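# Working through the structure, step by step
Residues per chain, in single letters:
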Amino acid sequence: MIKVALDVMGGDNAPYEIIKGAVLAVSENKELKVFLTGQTELIEENLDKLKSEGIAADRKLLEIVEAPEIITNDEAPVMAIRKKKNSSISVAMRLVKEGEADAFVSAGSTGAVLVGGQLVVGRLKGIERSPLASLLPTQKGVSLLIDCGANVDSRSAHLVQYAIMGSIYMENVMGIKNPKVAIVNVGVEEEKGNALVKETYPLLKSCTDINFTGSIETRQIPYGDADVIVCDAFVGNAILKLYEGVAGVLLEEIKKGLLSTLLSKIGAMLSKKALKNTLSKFDATKHGGAPMLGLNGLVVKTHGNAKHNEIKNALIQCISFKNQGINDKIKEYLSE
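Residues numbered from 1 in each chain as written. Predicted model: local features only at pLDDT ≥ 70, side-chain atom pairs only at ≥ 80, totals over all residues. Heavy atoms only, no water.

### Observations concerning the environment of E217
Looking at the element boundaries, E217 is found in the loop between strand 8 (211-216) and strand 9 (228-230). For E217, a relative accessible area of 19% gives the class buried. Each C-alpha atom of the pair E217 and A182 lies 9.4 Å from the other, and the pair is 35 residues apart in sequence. (Helix = DSSP H or I, 4+ residues; strand = E, 2+ residues; numbered from the N terminus. Buried < 20%, exposed > 50% of the residue type's maximum accessible area, 1.4 Å probe, protein only.)

Next up, the structure:
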C-alpha cells in the first residue's frame, strides 16, 4: 500500500477538485491510500457532494487528517511554514517526515511547498540543493526540466547533481534507458554560455554516470532532443512558463480558426478525433505534478489551477516513484 498525504486546502480549485482527484485515484488504484489534510467539516461536505454526483469514495482508502490552518499564496513561505504548524501543508509534510506517508502532493503555495520540503521533510545526506523537476510534453514523448523552480541561484556542483537525479528519475520512472542529458545554452558550441554554463559543461562532460550530449537551445526542447534538460531554476521557470503560455495561445488560436467559417467548422468536425489525439500528447496534466528530488520523502507540486485529473495523475505518479525506489537509488549513488 502506497500512502500519500494530500493538501486538500491548497490551489485555485480547492477543496472540491482536489478531493475529487483523490476519490478518482483510489477508485482506479487499490494499492493507493490518501490522507486528506484539511478542515474536516469541509472535506466531509465535499465527499458527500461527490457521492450525490455518483462519484462514491472508498472510505477505507481515504483518511481525513484535521488541519485547520491554510497557507495562502500571498504569505511569506518561510514564516508561514514556521508559524502555521497546523496548516494543511505542514500537517501533510509531517506525515511524510514521520514515515506515516510515502509522499506529499499539493496544488498550494509553491514557495511554502519548496520551503516545507527543505525544512520539514529534509534533504538526503549529500544533496546540496533539492530541485523541482517538471515533465514537458515533446514531439518524442516527454523531457524532464530540472530545475524548474526551486533554486534560482545554483552552482555548477548543484547542476551536476540535478543531472544525475534527473537521469535516475527518467530511467526508473519513465522507463527511458540511458537518458540523454543536455544543459540549456544560447548555442550548441561548447565555448558558448554564461559563467555558470561554461563552468558546468566540462563537469557534465566528464561525469561517467550520465549520458551527456552537450548543450541544447530552447527551440530544440519541444522536439525532444534531450530527455533530461539541466539548468538553474531562473532559466527553468522561464522556460516552463513560456512553454505553458505558448501552448495555451496556440490552442485558443486553433479553436478560433476552426470555428471561423462554415467550411472550417465542417473540417473541424471531420478532423475532431485526430486533432484531439494529437493535442492530448501535449497535455502536461496527464503526467501529474513536478517532483522535488533529493529529499527524504517524495514531494510533488502540481499547478496552482490543477483540477481533478491532474491531482489524480499526481497521486498515481507517486506509486511509480515509490515502487521504483528512486530515493534509494539516489542514496546508493551518493554512497558510491
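Moving on from the coordinates now.
### Some remarks on the packing of helix 1 (residues 16-28) against helix 2 (residues 40-52)
Two numbers describe how helix 1 lies on helix 2: the axes approach to 10 Å, and their chain directions differ by 65 degrees. Note on packing geometry: the crossing formed by helix 1 with helix 2 is right-handed. Residue-level inspection shows Y16, I19, K20 and V23 of helix 1 in contact with helix 2, the latter providing I43, N46, L47, K49 and L50. Residue composition of the contact of helix 1 with helix 2, grouped by class: six nonpolar, one polar and two charged. (Axes fitted to C-alpha atoms, helices over the stretch in contact; angles between N-to-C directions. Left-handed = near helix turned anticlockwise from the far one by under 90°. Contact = heavy atoms within 4.5 Å. Nonpolar A, V, L, I, M, F, W, Y, C, P; charged D, E, K, R; others polar.)

### Observations regarding helix 6 (residues 156-172)
The terminal C-alpha atoms of helix 6 lie 25 Å apart, and with 17 residues this matches the ideal 24 Å at 1.5 Å per residue to within 8%. In terms of burial, helix 6 is a largely internal element, 15 of the 17 residues being buried. (Expected span 1.5 Å × (residues − 1).)

### Quick look at the side chain of S88
Here S88 is to be found in helix 4 (residues 88-97). Residue class for S88 comes out buried when judged on its relative accessible area of 2%. A polar contact of 2.6 Å, which involves the side chain of S88, links it to the side chain of D7. When neighbours within four sequence positions are excluded, S88 is seen to be in contact with D7, M9, T37, G38, A67 and E69. (Polar contact = N/O pair within 3.5 Å; in protein donor to acceptor, adjacent residues only side chain to side chain.)

### Some details on the sheet that holds strand 1 (residues 2-7)
Pairing is mixed across the open sheet formed by six strands, whose spatial order is 3-2-1-4-11-10. Looking at the sheet topology across the chains shown, the edges are occupied by strand 3 (62-66) and strand 10 (290-292). Looking at each pair of strands side by side, their axes are set apart by 25 degrees on average, direction ignored. As paired strands, strand 1 and strand 4 (residues 103-106) are joined by three bridges and run parallel to one another. Pairing of L6 across the sheet is with V105, part of strand 4. Set on the sheet, helix 10 (residues 308-323) makes contact with strand 1, strand 2 (32-38), strand 4, strand 10 and strand 11 (298-301); between it and strand 1 the angle comes to about 145 degrees. (Pairing = 2+ DSSP bridges.)

### Looking at unusual backbone geometry
The linkage connecting A14 with the following residue, P15, adopts the cis geometry, with an omega of -5 degrees. Structurally, P15 can be placed in the loop between strand 1 and helix 1. In this structure, D147 follows I146 across a cis peptide bond, with omega equal to 15 degrees. Here D147 lies in the loop between strand 6 (141-146) and helix 6.

### So, the pairing of strand 8
Side chains on a regular strand alternate between the two faces of the sheet. Note that strand 7 (residues 180-184) and strand 8 share five bridges and pair parallel. Across the sheet, the residue bridging to K180 is N211, located in strand 8.

### As for the side chain of K312
In this fold, K312 is placed in helix 10. There is a polar contact of 2.9 Å between the side chain of K312 and the side chain of E28. Ignoring anything within four residues of it in the chain, the contact list for K312 reads G21, L24, A25 and E28.

### A look at the pairing of strand 1
The element strand 1 is extensively covered by neighbouring structure, given that five of its six residues are classed as buried. Here strand 1 runs beside strand 2; their pairing, made up of six bridges, is parallel. What sits directly across from V4, in strand 2, is V34. Handedness of the crossover is the feature at issue here: the chain leaves strand 1, passes through helix 1, returns alongside strand 2, and the resulting connection is right-handed. (Right-handed = clockwise from strand over helix to strand, strands pointing away.)

### A few points about the sheet that holds strand 6
A sheet is described by the order of its strands in space; here five strands give the open sequence 5-6-9-7-8, paired in mixed fashion. Each end of this open sheet is capped by a strand with a single partner; those strands are strand 5 (133-138) and strand 8. For this sheet, the mean inter-axis angle between neighbouring strands, taken without regard to orientation, is 30 degrees. Of the strand pairs in this sheet, strand 5 and strand 6 are connected by six bridges, and their pairing is antiparallel. Directly across from S134, in strand 6, lies its bridge partner L145. In this fold helix 8 (residues 233-258) packs onto strand 5, strand 6 and strand 7, with an angle of close to 40 degrees to the strand it touches most, strand 5.

### Quick word on the environment of A76
Within the secondary structure layout, A76 lies in the loop between strand 3 and helix 3 (77-83). Taking C-alpha positions, A76 is 9.8 Å from S109, a pair spaced 33 residues apart along the chain.

### Observations concerning the packing of helix 6 against helix 11 (residues 326-335)
Two elements in contact, helix 6 and helix 11, have axes whose closest approach is 10 Å; the angle formed by their N-to-C orientations is 140 degrees. As judged from the angle between their axes, helix 6 and helix 11 are oblique. In the crossing of helix 6 with helix 11, the sense of the turn from one axis to the other is right-handed. On helix 11, the residues that touch Q161, I164, M165, I168 and N172 of helix 6 are I326, K329, I330, Y333 and L334. Split by residue class, the contact of helix 6 with helix 11 holds seven nonpolar, two polar and one charged. (Parallel < 35°, antiparallel > 145°, perpendicular 65-115°, else oblique.)

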